[in-house]
Structures are given as structure tokens and as C-alpha cells.
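# Structural features, examined
The chain contents come next:
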Amino acid sequence: MIKVSPSILACDFANLQSEIKKVEDGGAQYLHIDVMDGIFVPNITLGPCIVSAIRKNSNLVFDVHLMITDPIRYIDEFAKAGADLITIHVESTFDVNAAIDKIKANGKKVGLSIKPNTKPEIVKQYLDKVDLILVMTVEPGFGGQSFIPATLDSIRAIDTMIKESGKDIELEVDGGISPKNVQLVKDAGANVIVAGSAVFGSSDIPGTIAQLMA
Ligand code: DX5
Ligand code: ZN
């Protein structure tokens, strides 16, 4: 089954609670929360206090995407704030295993992400420890960018690795996805679809989520 993870980066932050309710009522399963530090990526977004504030009014699976340097420093805080799944980037730390272990020690699901130009083979060594692989389909940092078609090769390669591993690992894609191109990533093997602008910019949020899931 395909799951949709609307990215709040594209929502109206002045009305955060009602925006989240719209996607929850609209049929989304996950809520994608983009955390940026202005160092790993050239943008700054939000921290654990926002996550704990929105946790009070939502039952969605909180899918926290850490685009920060040395993510291990903040894993305990995001876990405590209410993250269900914490995704780190392989490019953001020298000790990916230590960060994975810290997420697990907090009882949370582990996601591992690669940027568009990172070789997909790097994730293979971690497959026995993760619950989800996230393939960035744009350069991380900003919403509203155009999907990079070359990332389809990485999605396909990782889908094959996951199948060969025999493990139950989700394959998520993030960046520039809309009902117009979603079939491409699904055909490549993705089963968790992040969408920011396409969902929050839609005049028919339930309809758009249904199209992404179809
Ligand atoms: C980019 C973020 C994405 C972004 C997706 O660094 O990780 O989650 O919000 O937004 P859209 O769907 O608008 O490309
Ligand atoms: Zn993201």
C-alpha cells in the first residue's frame, strides 16, 4: 500500500494546527516534518518545540526528516517531542551506526536518507538496521523544486536491494512529487510519497492525497 506524507514545509505556518488537520482528515498516514539547520542545508526551519506542540493534536505518524549536521546531538530531543520515525542523512555524520543506534535506543523507527548525487549502494550496509530509506528527489533545502528524473535510478537500485534483503523496509521519496509524476516513482519502487506543495497548494487536499495513493 502506498502511504502519503505531506510535508508541512509547504503549509501555512500561521495556521499550523488547522493545516495538519486538513491532511489528517484528507487521508494522509504520515506527516513529514523537515528539520533544517542552515549548515547541512542552506535553510532553517523548526525544532523539537514545534514537534511537541503539534503532537498534542495529531495522531498522524510523525516522519521527522533531519537535514542537520551531526544529527545524533538532537535525536533524544526529537524522540521526546513525539517523532515516530526519525530519518538522518548518510552525508550528515561520520558515524551513521551510532546515530541509528541512538534512534533505536529511543524506541523509534529509523530512516536513512541519501541526496540525489549520493551513490545508492552506500545504504546497503545499513539495511539490517533501518525501517525506511528516503531517496531525495531534489537537493534538500527547499520545497517547491522540480523533481530530478535521474533519481529514478537510485530508487530502482534501492528497491532491488530491499527486495534482495527480504526485509520489510519502506522506500520513501521526497521532493517535487505531484499527481503528475507520482507514477514514475511508484513504478521505480517507492511506497511512501512525500509531497509538500502538491498537497498544501491543492484546492482539493483529499482528492490530491487520493491521487498520490492511487
Ligand atoms: C526538501 C524537503 C522536502 C520538501 C518537499 O528539502 O525535504 O520535504 O518540503 O516539498 P515539495 O513537495 O514542495 O517539493
Ligand atoms: Zn523532507
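Residues numbered from 1 in each chain as written. Chains lettered and ligands numbered in written order. Predicted model: local features only at pLDDT ≥ 70, side-chain atom pairs only at ≥ 80, totals over all residues. Heavy atoms only, no water.

### Details of helix 4 (residues 96–105)
Every α-helical turn comprises 3.6 residues, leaving residues that sit three or four positions apart pointing alike. Among the residues making up helix 4, those that are buried are V96, A99, I100 and I103. Taken end-on, helix 4 shows its buried residues confined to a sector of 100°, consistent with a single buried face. On its buried face, helix 4 is in contact with helix 3 (75–81), strand 4 (85–89) and strand 5 (109–114). G107 sits one or two residues past helix 4 and shows a positive phi near 75°. (Buried < 20%, exposed > 50% of the residue type's maximum accessible area, 1.4 Å probe, protein only. Helix = DSSP H or I, 4+ residues; strand = E, 2+ residues; numbered from the N terminus. Arc of directions from axis to C-beta. Contact = heavy atoms within 4.5 Å.)

### Description of helix 2 (residues 48–55)
Buried within helix 2 are the following residues: P48, V51 and I54. Projection of helix 2 onto a plane perpendicular to its axis shows the buried side chains occupying an angular sector of 130°, all on one side. Tucked into the core, helix 2 has its buried residues touching helix 1 (16–25), strand 2 (30–36), strand 3 (61–67) and helix 3.

### A closer look at the layout of surface pockets
If you add up the space inside the largest pocket, you get close to 240 Å³. G143, G144, D174, G175 and G176 are the residues nearest the centre of the largest pocket, which is lined by 25 residues in total. Listed by contribution, the elements that provide at least two residues to the lining of the largest pocket are strand 2, strand 3, strand 8 (192–195) and helix 7 (197–200). Classifying every residue of the lining of the largest pocket gives 12 nonpolar, 10 polar and three charged. (1 Å grid on protein atoms, 1.4 Å probe; cavity = no way out; pocket = protein on both sides within 12 Å on 5 of 7 lines; lining within 4 Å. Points joined across faces, edges and corners; volume = space filled by probe spheres on them. Nonpolar A, V, L, I, M, F, W, Y, C, P; charged D, E, K, R; others polar.)

### A look at the coordination of the zinc ion (ligand 2)
For the zinc ion (ligand 2), the full set of protein donor atoms is H32 (NE2), D34 (OD), H65 (ND1) and D174 (OD), and the range of their distances to it is 2.0 to 2.3 Å. In this structure, the zinc ion (ligand 2) is surrounded by six donor atoms whose angles at the metal cover 68 to 169°, and the resulting shape is octahedral. Considered as a linear motif, the donors of the zinc ion (ligand 2) on their single chain read H-x1-D-x30-H-x108-D. In terms of burial, H32 and D34 fall into one category: buried. (Donors = N, O, S within 2.8 Å, 3.2 Å for Na, K, Ca; no water. Tetrahedral: all angles 85-135°; square planar, octahedral: opposite > 155°, others 65-115°.)

### Observations concerning the environment of E170
Among the secondary structure elements, E170 is positioned in strand 7 (residues 170–174). Note: C-alpha distance between E170 and D76 (94 residues apart in sequence) is 23 Å. Contact partners of E170, with chain neighbours within four places excluded, come to K3, Y30, D131, L132, I133, I162, N191 and V192.

### A look at the sheet that holds strand 3
Taken in spatial order, the eight strands of this open sheet run 1-8-7-6-5-4-3-2, and their pairing is parallel. Looking along the sheet, the strands with just one partner apiece sit at the ends: strand 1 (3–6) and strand 2. The average angle at which neighbouring strand axes cross in this sheet is 25°, direction not considered. Relative to strand 3, strand 2 runs parallel, the two being bridged by seven bridges. Bridged to I33 within strand 3 is V64. Helix 5 (residues 151–165) contacts strand 5, strand 6 (132–136) and strand 7 of the sheet and is inclined by roughly 165° relative to strand 6. (Pairing = 2+ DSSP bridges. Axes fitted to C-alpha atoms, helices over the stretch in contact; angles between N-to-C directions.)

Keep in mind these values describe shape, not function.
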